[in-house]
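# Tertiary structure, described
What follows is each chain in one-letter form.
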Amino acid sequence: MLFSGRAHPTLAQEVAQLLEAELVPTTAYDFANGEIYVRFDKSVRGCDAFVIQSHSAPINEAIMEQLIMIDALKRASAKRITVVLPFYGYARQDKKHLGREPISARLMADLFLSAGADRLMTVDLHTAQIQGFFDGPVDHLLAMPILTRHVKKKYGDKQLAVVSPDAGRIKVAESWANSLGGAPLAFIHKTRDISRPNESKANRVVGEVAGRTCILVDDLIDTGGTIVQAAEALKADGAEDVIIAATHAVFSGPAVDRLKNCCAREVIVTNTLPLTDEMQFDKLTVLSIAPLLAQAISAVFEDGSVTSLFKE
């Protein structure tokens, strides 16, 4: 049985259609003081439950609603509860940079476990080791095949280079390079002030990018500052074109204006998070993650292999 929170019902509906299933009718509303109420309108006893909720803004409400849905399922005797998180909230807080900081990504995993989740399914975690925070099976799905398919189709005849916006994403960029037929790698050396979130400075390009179409890859775009600076640095270093590719379009604050006016030819994202009309712009391409989620849900339900979904 498939269940959807109110954060991104369009994606949940698309997944349900691909699985030829229906979303379970749900009554959900907020009390005057902001408390959330959820009740499922049909019996869920003994079911294999998949609870789909993307952690979009307002993020804390989306998380709380999903936790309440899980609790409702557990108390209604669902057999197994799989939490489907197209975007895992707080994933960037996965380690301590300074003393007296929380590790909020771990807290998130503990909350899902306490609520009654048996399994997590998510797409492109900020760092893969977050899987170890949850004491149970975690299906870490990769959007890369969806994104690379689009890049190959549109830019396969160009001289490509894969660029990581910082040293920390090099392993992801390597996977991209292999998928794109061994394209050369480069990365942007940047400095970040850890006391100022969402701010960094692109210093220099490490690697050969002159005359190439650069595929600038990242897991998410939040305010767009880092990725736009990286694109400008690549252009300044002689790149012929810059294509930005990221899984999660968080698009906070000035992100849309920055991306719209930057030097990149195209910005490719997936629909793990809802995109309003105000977030759309000419050079934006949104690819659907629903087929990947549907295949993974089907594989888990039928006790099949999720890993096999990523074999090219």
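Computed from a predicted structure; not experimentally measured. (Residues numbered from 1 in each chain as written. Predicted model: local features only at pLDDT ≥ 70, side-chain atom pairs only at ≥ 80, totals over all residues. Heavy atoms only, no water.)

## A look at the overall build of the protein
Scanning the protein from terminus to terminus reveals 8 helices and 14 strands. In terms of C-alpha radius of gyration, the protein reaches 20 Å, essentially the compact-globule figure of 20 Å for 312 residues. Summarising its shape, the C-alpha atoms of the protein cover approximately 60 × 45 × 35 Å along the three principal directions. Residues classed as buried in the protein amount to 52% of the 312 residues present. Contacts in the protein between residues at least 24 apart in sequence constitute 63% of all its contacts with a sequence separation of at least 6. Carbon and sulfur atoms form 49% of the exposed surface of the protein, whose accessible area is close to 14,700 Å². In the protein, the 33 positive side-chain charges and the 38 negative ones have mean positions that sit 3 Å from each other. (Helix = DSSP H or I, 4+ residues; strand = E, 2+ residues; numbered from the N terminus. Rg over C-alpha atoms; globule rule 2.2 N^0.38 Å. Buried < 20%, exposed > 50% of the residue type's maximum accessible area, 1.4 Å probe, protein only. Contact = heavy atoms within 4.5 Å. Areas by Shrake-Rupley, 256 points an atom, 1.4 Å probe, with all protein chains shown as cover. Lys, Arg positive; Asp, Glu negative; His and termini not counted. Charge placed at Lys NZ, Arg CZ, Asp CG, Glu CD.)

## So, the packing of helix α4 (residues 144–155) against helix α5 (residues 170–179)
In the contact formed by α4 and α5, the axes pass within 10 Å of each other and the chain directions differ by 45 degrees. In terms of orientation, α4 lies oblique with respect to α5. In terms of crossing hand, the pair formed by α4 and α5 is right-handed. Where α4 approaches α5, its residues Met 144, Leu 147, Thr 148, Val 151 and Lys 152 are matched on the opposing element by Ser 175, Trp 176 and Ser 179. The residue inventory of the contact of α4 with α5, partitioned by class, reads 4 nonpolar, 3 polar and 1 charged. (Axes fitted to C-alpha atoms, helices over the stretch in contact; angles between N-to-C directions. Parallel < 35°, antiparallel > 145°, perpendicular 65-115°, else oblique. Left-handed = near helix turned anticlockwise from the far one by under 90°. Nonpolar A, V, L, I, M, F, W, Y, C, P; charged D, E, K, R; others polar.)

## Comments concerning the sheet that holds strand β5 (residues 80–85)
An order of β1-β4-β5-β6-β7 is seen for the 5 strands of this open sheet, with the pairing classed as parallel. Only two strands of the sheet have a single partner each, and these edge strands are β1 (2–4) and β7 (138–141). Pairwise comparison of adjacent strand axes, ignoring direction, gives a mean angle of 20 degrees for this sheet. (Pairing = 2+ DSSP bridges.)

So, to be careful, I would describe these as geometric facts and stop short of saying anything about function.
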